[in-house]
Amino acid sequence: MSLLFMLDMIGTVAFAASGAWVAVRKEMDLFGVVALGMVTAIGGGTLRDLLLGDLPPFCLQNEIYFWVPAATALLVFVMHRHLPTLMQPLLYLDAIGLGTFVVIGVSKALLFDTGPFGAVLMGILTGTAGGVIRDILANEVPLILRQEIYASACVLGGILLVILTHLEVPEQLNLLLVAGSVILIRVLAIRYNWSLPKAPIQ
Amino acid sequence: MSLLFMLDMIGTVAFAASGAWVAVRKEMDLFGVVALGMVTAIGGGTLRDLLLGDLPPFCLQNEIYFWVPAATALLVFVMHRHLPTLMQPLLYLDAIGLGTFVVIGVSKALLFDTGPFGAVLMGILTGTAGGVIRDILANEVPLILRQEIYASACVLGGILLVILTHLEVPEQLNLLLVAGSVILIRVLAIRYNWSLPKAPIQ
Amino acid sequence: MSLLFMLDMIGTVAFAASGAWVAVRKEMDLFGVVALGMVTAIGGGTLRDLLLGDLPPFCLQNEIYFWVPAATALLVFVMHRHLPTLMQPLLYLDAIGLGTFVVIGVSKALLFDTGPFGAVLMGILTGTAGGVIRDILANEVPLILRQEIYASACVLGGILLVILTHLEVPEQLNLLLVAGSVILIRVLAIRYNWSLPKAPIQ
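Keep in mind it's a predicted model, so treat the numbers as computed, not measured.

Examining the packing of aromatic side chains
For the structure on display, the rule yields twelve aromatic pairs over all chains. Ring centres of Phe-15 of chain A and Phe-101 of chain A lie 4.8 Å apart, and the angle between their planes is 55°; on these two criteria the pair is classed as tilted. Of the two residues, Phe-15 of chain A is situated in helix H1 (residues 3-25) and Phe-101 of chain A in helix H5 (residues 83-111); the sequence distance between them amounts to 86 residues. Each member of the pair, Phe-15 of chain A together with Phe-101 of chain A, is buried. Ring geometry for Phe-66 of chain A versus Phe-117 of chain B: centroids 5.1 Å apart, planes at 20°, classification stacked. Within this pair, whereas Phe-66 of chain A is found in helix H4 (residues 64-79), its partner Phe-117 of chain B is found in helix H6 (residues 116-137), the two belonging to separate chains. You can call Phe-66 of chain A buried: its relative accessible area is 1%. The class for Phe-117 of chain B is buried, based on a relative accessible area of 16%. Feature note: the residues Phe-66 and Trp-67 of chain A together with Phe-117 of chain B constitute an aromatic cluster, connected by ring pairs.

Spelled out as structure tokens, the structure:
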């Protein structure tokens, strides 16, 4: 079992937990909790595969990507009383997921011969679109459109990976370096409350 | 004209009416009423075909799936004053649609060689995604994420159909049995106000 | 550089500006402004290509469709103080985009052998789906479902183009005639505040 796959599973669990948790707070029923957990975990990669034309998408080809988020969401439903104390560690697992998903998205896009902007975009989508669909279903303005450094960590990581790939840095090194950078930026952003500027309205 | 196709048309009309009716209540204009009716009727099957990679989707291959919901929505727009008295019968036609759409979705997914979880999921999407898009467009938390037994009838029906297919029960019998079960569960849920548990928040 | 491509770019800029402007008013951050600008400009054509099965979609095949809306959105972010005075001209540029996008969508659908209803629908989607996604992300009921003559200009233009194509009117003439009609209807609708009827609720 490769390191990348392990990180991928950690991210899948963390993303599913964040989706299920939003559903619990929104007082959705058991079905809603599982649905929101699954969509948060696999929505980004699925949208990426739809756009690249790699159909059916990854989750329909390997059902572990259905079982793991479904089981995670069920666990959140049952254990939801204990979840608030787990929020802090979950935030760091979520950062691991973000870095890993970006790296997976960009490398897959480059395999499909997209241009550099498209590759970065596929990385951002893989990392963030699941959370965007979660927020749309919960009837809220998506967090990443207004929040601290989250999507921007993906942007930086994506650009870095496109550059390193063009420089023909060995692939394994590439992926670890970039995933690590995204995770680091995200963790620092959580610690120090970094955020992007907004356009001040008079 | 097969029985399945007749049930399919009944469901298409019922789903289109439910979408158009939401649009009327939200004070959308004529275009909005037709758009919401169409998206509710064909959104689920279209999303399923996108994910299975069967493109263009069913509705672009047989335009009756455009004409019937468009005509239904127009009728709702013109007759909306009489619709409240029709709500109860429409609820039962909607149940017929739900059962039929689930059966169509699961069998199509199995033809495309998805795994069992994927097949059940495609059934759920076919039956419910149109209503989810309707609610997103109407800027509401999707009904099926918080409501009584609706999506869960699809889950049970989907699982039953996957099992029966593996047992090689004759196909026609299969489809009727499962569509009938989903419709029955849904009708009982309406009658007796069944609902799924929520996670109680302290 | 063809006339159609020039009109396409004008529309792309106008649509991106409208998306970025909504994001600024919703107090999204820099990432949100660029994301909303891009999705508004390329969302409609991307959804059309997904449904026609022409993957990867146009924007992944020619990255100018990423760079132009991203640059436009950045400009809106920096210059947002001056934007209110530009709203009136932008409305007219938006009309040019609408007419052009409809024409592009319908002709592409006809190339993919859709039926007449499907072709008109692909035109409507190309012209309006980006704005719908923009409004969903901004957590509002999509403007075109409740607003004045906007989507209906696309409907009329789409139907006209399907008829002219069946009559084998020369293609260049066709496209200009229909784009011109949509733009004209839209401009008149802005001037005279035309709107579609709603179903009056008692």
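Quick word on the packing of helix H5 (residues 83-111) of chain B against helix H8 (residues 171-192) of chain B
Residue and element names in this part refer to chain B. Contact geometry for H5 and H8: axes closest at 8 Å, N-to-C directions at 145°. Crossing hand, H5 versus H8: right-handed. Along the contact surface, H5 presents Leu-91, Tyr-92, Ala-95, Ile-96, Leu-98, Gly-99, Thr-100, Val-103 and Ser-107, while H8 presents Leu-175, Val-178, Ala-179, Val-182, Ile-183, Arg-186, Val-187, Ile-190 and Arg-191.

Points about the relation of the copies chain A and chain C
Laying chain A over chain C is done by rotating through 120° and shifting 0.0 Å along the axis; what remains is an RMSD of 0.0 Å. The operation mapping one copy onto its partner corresponds to a three-fold rotation axis. Within chain A, the C-alpha atom positioned nearest to the axis of rotation is that of Asn-139 of chain A, 3.9 Å from it. A share of only 12% of the interface residues of chain A reappears at the interface of chain C, consistent with the copies meeting through non-equivalent patches.

As for the interface of chain A and chain C
Residue-level contacts link 33 residues of chain A with 28 residues of chain C. In this assembly, chain A packs against chain C so that about 2500 Å² is buried in total across both faces, 73% of it on carbon and sulfur atoms. Among the residues of chain A in contact with chain C, Leu-51, Phe-117 and Leu-145 of chain A are the three that bury the most area, contributing 27% of the side total. For the interface between chain A and chain C, the tally reads zero salt bridges. Linking chain A with chain C are six residue pairs in polar contact (both at pLDDT 80 or more). Elements that contribute at least two residues to the side of chain A that touches chain C include exactly helix H2 (30-52), helix H6 (116-137) and helix H7 (151-166) of chain A. Top contributing element to the side of chain A that touches chain C by residue count: H6 of chain A, with eight residues.

Re the UniProt feature "domain: Glycine transporter" (unreviewed entry) in chain A
UniProt tags residues 6-81 and 92-165 of chain A as "domain: Glycine transporter" (unreviewed entry). When the span residues 6-81 of chain A is considered, its composition is 83% helix and 0% strand, and the gap between its end C-alpha atoms is 27 Å.

Describing helix H7 (residues 151-166) of chain B
Taking 1.5 Å as the rise per residue, H7 of chain B with 16 residues should run 22 Å; its terminal C-alpha atoms sit 23 Å apart, in good agreement. Taken residue by residue, H7 of chain B has Ala-151, Ser-152, Ala-153, Cys-154, Gly-157, Gly-158, Leu-161, Val-162 and Leu-164 of chain B as its buried positions. Structurally, H7 of chain B contributes buried residues whose contacts are with H2 of chain A together with H5, H6 and H8 of chain B. Glu-168 of chain B occupies a position one or two residues after H7 of chain B and carries a positive phi of about 60°.

Here's the deal with the relation of the copies chain A and chain B
Overlaying chain A on chain B yields an RMSD of 0.0 Å, the required transformation being a rotation through 120° with an accompanying axial translation of 0.0 Å. Of the residues that chain A buries at the interface, just 14% are likewise interface residues in chain B, meaning the two copies contact each other through different surfaces.

The rules behind the values
Residues numbered from 1 in each chain as written. Chains lettered and ligands numbered in written order. Predicted model: local features only at pLDDT ≥ 70, side-chain atom pairs only at ≥ 80, totals over all residues. Heavy atoms only, no water. Phe/Tyr/Trp six-rings, centres within 6.5 Å; stacked < 30°, edge-to-face > 60°. Helix = DSSP H or I, 4+ residues; strand = E, 2+ residues; numbered from the N terminus. Buried < 20%, exposed > 50% of the residue type's maximum accessible area, 1.4 Å probe, protein only. Axes fitted to C-alpha atoms, helices over the stretch in contact; angles between N-to-C directions. Left-handed = near helix turned anticlockwise from the far one by under 90°. Contact = heavy atoms within 4.5 Å. Least-squares fit on C-alpha atoms with pLDDT ≥ 70 in both. Buried area = accessible area lost by both parts, 1.4 Å probe. Salt bridge = Lys/Arg side-chain N within 4 Å of Asp/Glu carboxyl O. Polar contact = N/O pair within 3.5 Å; in protein donor to acceptor, adjacent residues only side chain to side chain. UniProt positions renumbered as here; feature names shortened; annotations may be inferred. Expected span 1.5 Å × (residues − 1).

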